[in-house]
Amino acid sequence: MTNFIGLYDNALSDEECALLISEFDKSDTVDGGSSKNGKYTIDPSIKKCRQLNLYFSDEDMFSKIIYSALARCMKKYVEDKPSLNHVSYWRFVDDYSFQKYEDETDGYKVWHTEHGAGLNALRIIAWMFYLNDAKCGTEFMHYPNIPPKKGLCAIWPSGWEYVHRGVTPNIGLKCIITGWIAFTEDQSGL
């Protein structure tokens with residue numbers, strides 16, 4: 001099976017990673033949740049972390065840094081995977097999240113995909129930035145694990161072939177920012 005996981009080193013600088021983590025630590029965060037069958041739930045046996053829910057449309061410091069880096073990485077991903085040029089119109093999903101995992105009881109512990117019922121049905125691609133050199137990364141059922149390297153951007157298809165979870169148990173601090181790309185009828189693109 002062909003691997004459509006794109007890994008882009010140094011997508012964020014050390015300074016950007018440090019700034020994003022510092023701003024997260026000053027923010028009002030919530031317990032991390034997950035979506036199953038179109039319903040959002042907070043269940044620490046599935047996912048446990050501190051989370052900051054963000055929106056590109058807010059045009060805040062997080063969004064300016066992430067949007068710019070993500071646009072550069074997606075350009076490379078499309079160059080590497082030119083079949084995306086033949087897919088219907090797509091865009092960055094407005095909402096995304098900053099997730100901080102701190103100890104062995106934290107993690108996204110269950111196998112899951114980024115594509116599912118409800119609004120998740122339009123997702124075609126997932127993306128993630130690592131903000132620190134964590135000790136455990138992201139585990140795929142059918143592909144090699146994503147290494148937890150500071151500044152790394154990972155991009156992969158959202159479907160069932162890319163079932164994944166956080167490497168469990170979580171070891172130490174792991175900070176990520178993650179979101180999606182989805183189909184749209186808007187022809188303006190990204």
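For the structure itself, look to the data block above.
Quick caveat, the model's predicted, so the values are computed rather than measured. (Residues numbered from 1 in each chain as written. Predicted model: local features only at pLDDT ≥ 70, side-chain atom pairs only at ≥ 80, totals over all residues. Heavy atoms only, no water.)

Asker: Would you mind going over the packing of aromatic side chains with me for this structure?
Answerer: Remark: the centre distance and the inter-plane angle together describe each pair of aromatic rings, the angle taken between the planes. In this structure the tally under the stated criterion is twelve aromatic pairs. A centroid spacing of 4.2 Å and a plane angle of 15 degrees characterise the contact between Phe24 and Phe98, whose relative ring orientation is stacked. Note that Phe24 is positioned in helix 1 (residues 14-25) and Phe98 in strand 8 (residues 95-101), a separation of 74 residues in sequence. Taking the relative accessible area as the measure of exposure, Phe98 reaches 0% and is therefore buried. Measuring from ring centre to ring centre gives 4.4 Å for Phe56 and Tyr96, while their planes differ by 25 degrees; the resulting arrangement is stacked. (Phe/Tyr/Trp six-rings, centres within 6.5 Å; stacked < 30°, edge-to-face > 60°. Helix = DSSP H or I, 4+ residues; strand = E, 2+ residues; numbered from the N terminus. Buried < 20%, exposed > 50% of the residue type's maximum accessible area, 1.4 Å probe, protein only.)

Asker: I keep staring at a nonpolar patch on the surface and nothing clicks. Help me out?
Answerer: On the surface, a cluster of nonpolar side chains totalling about 220 Å² of accessible area is made up of Val87, Leu122 and Phe183. Tracing the backbone shows Leu122 in the loop between strand 9 (107-108) and strand 10 (123-130). Judged by its relative accessible area of 43%, Leu122 falls in the partly exposed class. (Patch = residues over 30% accessible without salt bridge, like charges linked within 9 Å, V, L, I, M, F, W, Y side chains within 5 Å. Areas by Shrake-Rupley, 256 points an atom, 1.4 Å probe, with all protein chains shown as cover. Salt bridge = Lys/Arg side-chain N within 4 Å of Asp/Glu carboxyl O.)

Asker: Explanation requested: the nonpolar core in the structure shown.
Answerer: Side chains of a nonpolar character, in soluble globular proteins, are inclined to be buried together. Judged by nonpolar contacts, the single largest core of 34 residues is most densely connected at Met74, Phe98, Trp127, Phe129 and Leu131. Breaking this core down by element, the ones donating at least two residues are helix 1, strand 6 (50-55), helix 2 (61-80), strand 7 (90-92), strand 8, strand 10, strand 12 (153-157) and strand 14 (174-183). Residue contributions to this core peak at nine residues, all from helix 2. (Core = buried A, V, L, I, M, F, W, Y, C linked by side-chain atoms within 4.5 Å.)

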